Amino acid sequence: MDYEGQICRPPMERGSYMLPVAVGCSYNACTFCTLFKHLKYRELPMEKIEEELLRVKNLGGSPKRIFLGDGNPFGMKTDRLLAILDLIHKYFPLCNDINMDSTITNIHDKTDDELKLLYDNGVRELYLGIECGTEDVLEFMKKDHTIPEAYRELERLKRLGILYSAHLMLGTAGKGRGLENAENTARFINDTKPNKIINTSIFLHRRAPLYREIEKGTFIPATELENLMEERRLIELLDVEIKSYDGFHDMLEIRTRGHLPDDKEKMLKHLDEAIENERKREESLVRSA
Ligand code: SF4
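**Focus: the overall build of the protein**
A count of helical and extended segments in the protein gives 10 helices and 10 strands. By the compact-globule yardstick of 19 Å for 289 residues, the protein fits well, its C-alpha radius of gyration being 20 Å. Expressed along its principal axes, the backbone C-alpha trace of the protein runs to roughly 65 × 40 × 40 Å. Every one of the 289 residues in the protein was classed for burial, and the buried ones make up 39%. Across the protein, the fraction of contacts at a sequence separation of at least 24, relative to all contacts at a separation of at least 6, is 80%.

**Some remarks on helix α10 (residues 264-288)**
End to end, α10 covers 36 Å across 25 residues, agreeing with the expected 36 Å (1.5 Å per residue, within 8%). Regarding α10, the residues found buried are Met267, Leu271, Ala274 and Glu278.

**Thoughts on the site of the ligand**
Residues in close proximity to the ligand include Cys25, Tyr27, Asn28, Ala29, Cys30, Cys33, Leu35, Phe36, Gly71, Asn72, Thr103 and Gly129, which together make up its full environment. Taken together, the residues of the shell around the ligand break down into 7 nonpolar, 5 polar and no charged.

**Here's the deal with helix α6 (residues 147-159)**
Its 13 residues give α6 an end-to-end C-alpha distance of 18 Å, which sits within 8% of 18 Å, the value for a rise of 1.5 Å per residue. Buried within α6 are the following residues: Ala150, Glu153, Leu154 and Leu157. Taken down its axis, α6 places every buried residue within 100 degrees of arc, on the same side. When the buried face of α6 is taken as reference, the exposed residues oriented beyond 90 degrees from it are Pro148, Glu155 and Arg159. Contacts from the buried residues of α6 go to α3 (104-108), α4 (112-120), β6 (123-131), β7 (163-170) and α7 (178-192). A positive backbone phi angle near 95 degrees is found at glycine 161, which sits one or two residues after α6.

**Here's the deal with unusual backbone geometry**
In this model, glycine 69 is joined to aspartate 70 through a cis peptide bond whose omega is 20 degrees. Notably, asparagine 28 is not glycine yet its phi reads approximately 55 degrees, a positive angle. According to the C-beta neighbour criterion, asparagine 28 is partly exposed, with 16 such atoms within 10 Å. Positioned with a positive phi, lysine 142 is a non-glycine residue whose angle comes to about 55 degrees. The topology assignment puts lysine 142 in the loop between α5 (135-140) and α6. Classification of lysine 142 as partly exposed rests on a count of 14 C-beta atoms within 10 Å.

Thresholds, definitions, all that
- Residues numbered from 1 in each chain as written.
- Predicted model: local features only at pLDDT ≥ 70, side-chain atom pairs only at ≥ 80, totals over all residues.
- Helix = DSSP H or I, 4+ residues; strand = E, 2+ residues; numbered from the N terminus.
- Rg over C-alpha atoms; globule rule 2.2 N^0.38 Å.
- Buried ≥ 20, exposed ≤ 12 C-beta atoms within 10 Å, placed from the backbone.
- Contact = placed C-beta atoms within 7 Å.
- Expected span 1.5 Å × (residues − 1).
- Near = placed C-beta within 6 Å.
- Nonpolar A, V, L, I, M, F, W, Y, C, P; charged D, E, K, R; others polar.
- Arc of directions from axis to C-beta.

Okay, structure coming up:
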């Protein structure tokens, strides 16, 4: 199947078979996101999806784990999602681990019975763009949820057996607010207990609506040093088990990975070294300016 858009899936899903079921994101309004801005959201025809499953089957594929693409497949109507799950089971009866990206609103729009039915048909984990735990930042970034809404919907999800993993984004609060943002995010994560965390620094692209805010002076980006310090403070404050944490930065070759709490000290040490190096680099830039 020809893929339209930018392939974006959590690193923990790299071993999964990615099955596109839609093009773009039906929300498409987050101001920092450029992934699908150029695409008009549409659901792929069922024949195309079946064709793709058959292609993989004919190649001898037998995936046990499938990641549905693209931006927020969980936003599709439950009947359609169930029809896709049926097709998956028709070709791959052993596959019972089907995961995808979702927004908080997508969960809100499904009843408890629908969530249970989706779980019973193989949906195991949703990846949610939580980004951070600071209310006014979510509003500024035009996320489709508030903190209380996220608490409420994640609680429903958990009660009905579906796991949640969090996409976080360092630097969303802008210059000078990284540590405050880390504390709010840590509180949210400690309360809602995601299975895994993917934490990236904000990617500031000219095509993103957020870039207009930078030009107007209404958003001042944090420095790379601030982003590292935000990440360190967040990890320091986490006191829940996180099966897999994967943190990386857009402009720095720093990657912090591990299981929490077991690897916490190692991860903090790694970030302390990165902070020290970045501090020296920033100081030398100031001296040579
Ligand atoms: S919900 Fe996700 S994919 Fe859609 S615009 Fe927001 S960040 Fe981008």
